[in-house]
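Residue strings, one per chain:
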Amino acid sequence: MSQMKSYSFQGKRAVIRVDFNVPLHKETLEVQDDKRIKAALPTINWVLNHGGSVVLLSHFGRPKNGPEDRFSLRHVLVRLQELLGVSVAFSLTLEEGFLKSKELNAGDIMLMENVRFFKGETENNSTLSAEFAKLGDCFINDAFGSAHRAHSSTTGIASFFPNDRMMGFLMEEELNNAQRVLSNPSSPFTAIIGGAKVSDKMLIIENLVSIASDIIIGGGMAYTFAQAMGGQIGNSLVEEDRLDNVKTILSQANQKGVRLHLPVDSVIADSFSADASTQITSSHHIPKGWMGLDIGPNSIDDFKKVILSSKTVLWNGPMGVFEWEPFSRGTRDIALAVAEATSLGAYSLIGGGDSASAIAQFALVDKVSYVSTGGGALLELFEGKELPGIKALD
Ligand code: AMP
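Position labels on residues start from 1 in each chain and follow its written sequence. Restriction of local features to residues with pLDDT of at least 70 applies here, the model being predicted, together with a cutoff of 80 or more for giving and counting side-chain atom pairs; totals for whole chains, interfaces and linings are based on all residues. With hydrogens and water excluded, all non-hydrogen atoms of the structure serve as input to the side-chain values.

A. View of the environment of Thr127. Counting from the N terminus, the helices are the DSSP runs of H or I reaching at least four residues and the strands are the DSSP runs of E reaching at least two. Considering the arrangement of structural elements, one finds Thr127 in helix H4 (residues 126–133). When the C-alpha positions of Thr127 and Ile157 are compared, they lie 9.6 Å apart, and in sequence the two are 30 residues distant.

B. Structural view of the site of the ligand. Taken together, the neighbourhood of the ligand is formed by 16 residues, with Ala196, Lys201, Gly292, Glu323 and Asp354 sitting nearest. In the analysis that follows, any N or O atom pair within 3.5 Å is treated as a polar contact, provided that within protein one partner can donate a hydrogen and the other can accept it, and provided that, for residues neighboring in sequence, both atoms belong to side chains. At 3.0 Å from an oxygen atom of the ligand is found a main-chain nitrogen or oxygen belonging to Ala196. One of the side-chain nitrogen or oxygen atoms of Lys201 is found 3.1 Å away from an oxygen atom of the ligand. Working definition: residue near molecule or strand if any one of its non-hydrogen atoms lies within 4 Å of it.

C. Fine view of the nonpolar core. Counting 62 residues, the largest nonpolar core has Phe132, Leu135, Ile205, Leu208 and Phe382 as its most contacted members. Ranked by the residues each element gives to this core, the list is headed by helix H5 (residues 169–182), at six residues. Apart from the residues within four sequence positions on either side, Leu135 is in contact with Arg13, Val15, Val55, Leu57, Leu94, Gly97, Phe98, Ser101, Met110 and Met112. The term nonpolar core refers to a set of buried residues drawn from Ala, Val, Leu, Ile, Met, Phe, Trp, Tyr and Cys, joined through side-chain atoms within 4.5 Å. The classification of residues rests on relative accessible area computed with a 1.4 Å probe and restricted to protein chains. Under 20% of the type maximum is buried, over 50% is exposed, and intermediate values are partly exposed. The contact criterion used is simple: two residues touch if any of their non-hydrogen atoms lie within 4.5 Å.

D. Quick look at the domain arrangement of the protein. Domain delimitation in this document rests on an assignment produced automatically or drawn from a domain database. Domain annotation of the protein identifies domain 1 (3–168) and domain 2 (178–382). Contact residues are listed per partner, giving six residues for domain 1 and nine residues for domain 2. Using a 1.4 Å probe, buried area is obtained as the accessible area two parts lose upon being combined, added over both of them. For the pairing of domain 1 and domain 2, the buried interface totals around 670 Å² over both sides, and the portion due to carbon and sulfur atoms is 64%. In terms of surface lost to domain 2, no three residues of domain 1 exceed Lys35, Phe144 and His148, which account for 76% of the buried area on that side.

What follows is the structure, encoded as structure tokens:
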């Protein structure tokens, strides 16, 4: 693998795979959160400032059957040009892309339309990879958020540049931050895992049992744990087919001396809605017809104590239905505790997806050590998996 800082981009066209999968305003279709675009700028600007030109590839949403306007990267192009302060060429088809890419001069930049509009992208079709490769002279993968996908524009393309492929600065930064937690984290290391489904987080929890000193479980998944321990959980979320897995995790944590912290109380609701009636009960005594939608005040106190005495904190997944104000307190108070621990010297890594949205919602982005741009990719790293997008660069 080449290194960006020692590679000569003079007179070369760099194909950069970025992750511009950003949310748009529902009505205006303007970019709502440009974090991922901003995060790609150091790599793009490095090439442009070192005598090269740039061809950008990205996916955008999940189009099913070819082009669809709401998934067009033209919506992102506007913000990209504003941030770069230069005009960016845009190509809808590969043919247009080949022609325009040949005309790029040093300092020029072109964005290709959504790679998922091209047949074969998600199947890692090698013909499509070869076509993408024809757009440039070297390949940079800076799309950490897509590194867990083996697609034509993330992995297949890399094989066409055996001596001219490398990681971008964002990819490097993401991996360095993950490594800081994965290998030799300062102890005590607390992992906070929340979100809706225990099945999505099973592998990461199993892996964390070997590296964390404390694991805090919140969100909907906590109720599968409560049921496995014999609690009454009313109509809370539960995955019956995971009860045995959860029991195994409980006993493994016990054997390895890892402290597993579960919510002792919950904010419960009589329906899954923002204006439901609510009350606070023990997480093991939830009446029929009621469901746990947030952790309760005693759980917040317990979790805060653990977080504030940690030296390393990893957070992935909300503590409750934080999108609705009545059930957002658990997630907000845990976010505040992570920020406070950071101010006391702990290193804190926030997984992408909903935890990143929560940190942004509570205006705490600058108060934690690092907010990852990758949800699924970060999860898979912590599950102990090798990411295909990174392996393809070796
Ligand atoms: P995930 O994508 O698995 O990280 O889950 C995030 C989603 O879990 C968010 O949209 C939350 O609203 C939802 N969630 C968190 N806690 C609960 C809960 N107790 N019951 C139902 N959904 C929840």
